[in-house]
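Single-letter residue listing:
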Amino acid sequence: MRFKLIVTSIFLLSIVVLQAQKYENLALTPPMGWNSWNHFACEINEDIIREMADAMVATGMMDAGYEYINIDDCWHGERDSLGFIQPDPKRFPNGMKALADYVHSKGLKLGIYSDAGWKTCGSRPGSRGYEFQDAQQYARWGIDYLKYDWCNTEKLNANGAYLTMRDALYAAGRPIVFSICEWGDNQPWEWAEPIGHLWRTTGDIYNCFDCVYDHGTWNSWGVLQIIDLRNNKELRKHAGPGHWNDPDMMEVGNGMTLNEDRAHFSMWCMLAAPLIAGNDLRNMAKETVSILTNPGAIAINQDLLGIQGYKHGMINQLDIWVKPLQNGEFAVCFLNRGINEVDLIFNWAENPINDELSGKKADFVAEKFNLWNVWENKSMGDTQKPLKAKLAGHDVLMLRLTK
Ligand code: GLA
């Protein structure tokens, strides 16, 4: 009898392991949501998370497409006597199930955070050795998204560690978006497509447009630095529906100037990046709301082809970025990297688009496109005349080219 039971268990387990895969049909466009880390760091509790869900609805962000409310580091308490992780009873007295129920009642989804090592980056219990139990616990709570960090992972193999958690999530039986956060250290774009739905490509973002912040043993990066670090041809070929390069969560509304926030948001849209807001949604200036909810910019990010944009070229201190869109359309974004205003003159006829990766082309001599200014929500003529515009420092001109 006992022998039969063991054989059956081994058989069932091997089916689960053999069939383990990531959950398909999730994140078919870049995930949109909010995460607690950039604004609150470790100072989080269930009231803040609930209020953020309320604000996501009240500000119109949910209607604009934002879906996930993600709890980052420091929610953890201890493991119970069986090894199941519990939330910090002081910060989350009603527990995660109640919080997930609340977030779901608003029509939103709840995300959580763990780490492949012994401890998280904020020194809370990590998942190493507890992967299947943690995944089971998240599934029981009704979690929809897991960000899985990479602190305290000495001697672990990244591919293997993320694969273990993927299998654990699959075995737990609840579709959960799996966000790989190992900062690009182990080239996840080369191995993570069958494992996760998004992977960080760089170290942490810092709330500035053009700076590097030195923490002593590591750096965090301004918006321009993140754009320059790894958004190249090598990486963009790995992005697409269900598997995205993640240049980190946004700092929109956390203190940069309006131009800088607009440029930051536009570039995350051009890069088909996950749009995870990182500000306090309860206290937003109306300008911040209008950046985060701009329908034209979001449509470029969420385009169903899921092609990551690329740098087409430069004129003076301006970057020119191109993102092929559905129906033969394109987004073109001029990014002023400098602090001074620039006069832009751009002759379309001399600048055909030819994206070797997607095969999308535009020959502006043979074909006319209309120009739609995304931020001013107005037409700017067509590609038959050179484009003339003034661009403020650290600002963008983002156009949608339609036929
Ligand atoms: C790492 C991650 C951040 C954040 C912190 C939490 O630095 O890259 O995004 O999750 O850990 O401690």
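Everything discussed here concerns the structure shown above.
Asks: How do you make sense of the packing of aromatic side chains when you look at a structure like this?
Replies: Two numbers describe a pair of aromatic rings. These are the distance of the centres and the angle of the planes. Here the structure, examined in full by the defined rule, presents 18 aromatic pairs. An angle of 70 degrees between the planes, with centres 6.3 Å apart, marks the rings of F265 and W375 as edge-to-face. Highlighted residues: F265 in helix α10 (residues 258-270) and W375 in the loop between β19 (370-373) and β20 (378-382), separated in sequence by 110 residues. Seen in terms of ring centroids, F330 and F369 are 6.1 Å apart; in terms of plane orientation they differ by 70 degrees. Their pairing is edge-to-face.

Asks: How do you make sense of the packing of helix α3 (residues 46-58) against helix α5 (residues 95-105) when you look at a structure like this?
Replies: A pair of packed helices is characterised by two quantities: the angle between their axes and the separation of those axes. The contact between α3 and α5 brings their axes to 10 Å, and the two run at 10 degrees. Considered as vectors, α3 and α5 are oriented roughly parallel to each other. For the pair formed by α3 and α5, the contact residues are E46, I49, R50, A53 and D54 on the first element and G95, L99, Y102 and V103 on the second.

Asks: So what exactly am I meant to see when it comes to α10 here?
Replies: Every α-helix winds through 3.6 residues per turn, so residues three or four apart in the chain are directed the same way. Its 13 residues place the ends of α10 18 Å apart at the C-alpha level, agreeing with the 18 Å of an ideal helix rising 1.5 Å per residue. The buried fraction of α10 amounts to 11 of the 13 residues, a majority that puts the element mostly inside the structure. When we look at burial in α10, the residues that qualify are E260, D261, R262, A263, H264, F265, S266, M267, W268, C269 and M270. With its phi angle positive at about 50 degrees, A272 sits one or two positions after the end of α10.

Asks: Explanation requested: the sheet that holds strand β1 (residues 32-35) in the structure shown.
Replies: Within a beta sheet, neighbouring strands are joined by backbone hydrogen bonds and run either parallel or antiparallel to one another. With parallel pairing, the eight strands of this open sheet are ordered in space as β11-β8-β7-β6-β5-β2-β1-β12. Looking at strand neighbours, the two that pair on one side only are β11 (244-246) and β12 (275-277), the edges of this open sheet. The mean angle between the axes of side-by-side strands here comes to 25 degrees, regardless of whether they run parallel or antiparallel. In this structure, β1 lies alongside β12, joined through three bridges in parallel fashion.

Procedures and definitions
- Residues numbered from 1 in each chain as written.
- Predicted model: local features only at pLDDT ≥ 70, side-chain atom pairs only at ≥ 80, totals over all residues.
- Heavy atoms only, no water.
- Phe/Tyr/Trp six-rings, centres within 6.5 Å; stacked < 30°, edge-to-face > 60°.
- Helix = DSSP H or I, 4+ residues; strand = E, 2+ residues; numbered from the N terminus.
- Axes fitted to C-alpha atoms, helices over the stretch in contact; angles between N-to-C directions.
- Parallel < 35°, antiparallel > 145°, perpendicular 65-115°, else oblique.
- Contact = heavy atoms within 4.5 Å.
- Expected span 1.5 Å × (residues − 1).
- Buried < 20%, exposed > 50% of the residue type's maximum accessible area, 1.4 Å probe, protein only.
- Pairing = 2+ DSSP bridges.

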